[in-house]
Amino acid sequence: MPTRPSARVRRASAALVVTAVVGLAGCAGIVPLEPGPESNAVACAETMVRLPDAIGDLDRRGTNAQSTAAWGDPTAVIYRCGLPEQGPSDLPCFTVEGVDWLLDETDAPRYVFTTYGREPVTEIIVDVTYIAGADAVRALSPVVGLRDADARCLVATDVFGGGTVSPTAEPSPAPSATPTATPTP
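Cut-off values and rules
- In this convention, every chain numbers its residues from 1, walking through the sequence in written order.
- Under the rules for a predicted model, residues below a pLDDT of 70 receive no local features and side-chain atom pairs below 80 are neither given nor counted, while totals for whole chains, interfaces and linings still include all residues.
- With hydrogens and water excluded, all non-hydrogen atoms of the structure serve as input to the side-chain values.
- Helix and strand assignments come from DSSP, with helices taken as H or I runs of at least 4 residues and strands as E runs of at least 2, each series counted from the N terminus.
- A simple rule labels every residue: compare its accessible area, found with a 1.4 Å probe on the protein chains alone, to the largest value its type can have, and call it buried under 20%, exposed over 50%, or partly exposed in between.
- For this analysis, residues touch if any pair of their heavy atoms sits within 4.5 Å.
- Computed with the Shrake-Rupley method and a 1.4 Å probe, the accessible areas treat only the protein chains shown as cover for residues.
- A pair of sulfur atoms, both from cysteines and within 2.5 Å, is called a disulfide here.
- Per-residue confidence from the predictor is reported as pLDDT, a score between 0 and 100.
- Any two strands with at least two DSSP bridges between them are considered paired.
- Fitting a line to C-alpha atoms yields each axis, with helices limited to the stretch in contact; the angle taken between N-to-C directions then spans 0 to 180 degrees.
- Two rings from Phe, Tyr or Trp (for Trp, the six-membered ring) form a pair when their centres are within 6.5 Å of each other. A pair whose planes differ by under 30 degrees is stacked, one over 60 is edge-to-face, and the rest are tilted.

## A closer look at the overall build of the protein
For step 1, the next point in the chain: The helix and strand inventory of the protein stands at 4 helices and 8 strands.
For step 2, the next point in the chain: Counting from the amino terminus, helix and strand elements in the protein follow one another as α-α-β-β-β-β-β-β-β-β-α-α.
For step 3, the next point in the chain: In the protein, buried positions account for 32% of the 185 residues.
For step 4, the next point in the chain: Here the contacts in the protein between residues at least 6 apart in sequence split such that 55% fall between residues at least 24 apart.
For step 5, the next point in the chain: Approximately 12100 Å² of the protein is accessible, and the part contributed by carbon and sulfur atoms is 57%.

As structure tokens, this is what we get:
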């Protein structure tokens with residue numbers, strides 16, 4: 001004689017079915033990433049809990065690595081905290097919402113933005129095919145900015161003791177010169 005499953009078994013089965021359906025319908029899959037060597041830093045954990053659920057129209061997705069986040073399907077923005085400190089750089093540096101960022105465009109259309117002067121170092125990789133790099137950095141800078149900066153990017157006026165640096169101008173034509181030597185045939 002068949003026995004009827006208990007109410008507890010029926011509820012557990014129903015929960016599994018609902019979880020599976022919701023998981024298939026609302027999940028774009030886990031984004032595989034590598035954690036930074038300092039991804040277990042307390043400062044990374046403090047920022048991770050404050051990251052937004054969406055950047056523009058891009059929803060946040062799950063990742064498989066500590067202190068990482070991703071947005072968009074396909075992935076358009078990647079956030080990684082806990083990278084090694086990098087020293088002085090010749091990359092362009094700019095400030096967004098009080099946070100200094102180095103910009104590496106060598107892998108365009110994927111731009112890499114790396115914090116300067118904040119530990120642990122944070123990296124944001126943005127595929128500008130899907131969202132403007134400035135929009136992604138602007139959305140994440142307030143969270144990263146909760147950590148104090150211990151260094152700032154320098155500009156030419158800092159290097160020259162507060163003096164002014166003239167903008168690069170078009171070269172002026174050289175005055176006509178008379179040859180000082182005549183080539184011999």
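## Some words on the state of the cysteines
For step 1, the next point in the chain: Using the criterion set out here, one finds 2 disulfides in the structure.
For step 2, the next point in the chain: Through a disulfide, Cys 44 is tied to Cys 81; the S-S separation comes to 2.1 Å. Its S-S torsion of approximately -85° makes the covalent link between Cys 44 and Cys 81 left-handed. Note that Cys 44 is positioned in helix H2 (residues 42-48) and Cys 81 in strand S4 (residues 77-83), a separation of 37 residues in sequence.

## Details of the confidence of the model for the protein
For step 1, the next point in the chain: This prediction gives the protein a mean pLDDT of 78; 69% of its residues lie at or above 70.
For step 2, the next point in the chain: When the criterion is pLDDT under 50, residues 1-26 qualifies, and its contacts beyond four places in sequence or with other chains add up to 3 contacts.
For step 3, the next point in the chain: Contacts of residues 163-185 to residues separated by more than four positions or lying in other chains number 5 contacts, the stretch itself having pLDDT below 50.

## Some thoughts on the sheet that holds strand S5 (residues 93-96)
For step 1, the next point in the chain: Strand order in this open sheet of 8 strands is S1-S2-S3-S4-S8-S7-S6-S5, and the pairing throughout is antiparallel. Among the strands making up the open sheet, the edge pair consists of strand S1 (54-55) and S5.
For step 2, the next point in the chain: Pairing between strand S7 (residues 110-115) and strand S8 (residues 121-127): 5 bridges, direction antiparallel. Residue pairing in the sheet places Arg 110 in a bridge with Asp 127 of S8.
For step 3, the next point in the chain: Its contacts with the sheet put helix H3 (residues 133-144) on S1, strand S3 (68-71), S4, S5, strand S6 (99-104), S7 and S8, and the angle it makes with S6 is roughly 145°.

## Description of the packing of aromatic side chains
For step 1, the next point in the chain: In this structure the tally under the stated criterion is 1 aromatic pair.
For step 2, the next point in the chain: Judged by centre distance (6.1 Å) and plane angle (90°), the ring pair of Phe 94 and Phe 113 falls under edge-to-face. Within this pair, whereas Phe 94 is found in strand S5, its partner Phe 113 is found in strand S7, the two being separated by 19 residues in sequence.
For step 3, the next point in the chain: By relative accessible area, which is 28% here, Phe 94 ends up partly exposed.
For step 4, the next point in the chain: Among the residues examined, Phe 113 registers a relative accessible area of 4% and is labelled buried.

## With respect to the pairing of S3
For step 1, the next point in the chain: Side chains Thr 68 and Ala 70 project from S3 onto one buried face, and the interleaved Ala 69 and Trp 71 project onto a second face that is buried too.
For step 2, the next point in the chain: As defined by bridge partners, strand S2 (residues 58-61) adjoins S3 across 2 bridges and the pair is classed as antiparallel. Directly across from Arg 60, in S3, lies its bridge partner Trp 71.
For step 3, the next point in the chain: The antiparallel pairing of S2 with S3 creates a hairpin that spans 6 residues between the two strands, and Ser 67 there sits at a positive phi of about 60°.
For step 4, the next point in the chain: As paired elements, S3 and S4 share 4 bridges and run antiparallel to each other.

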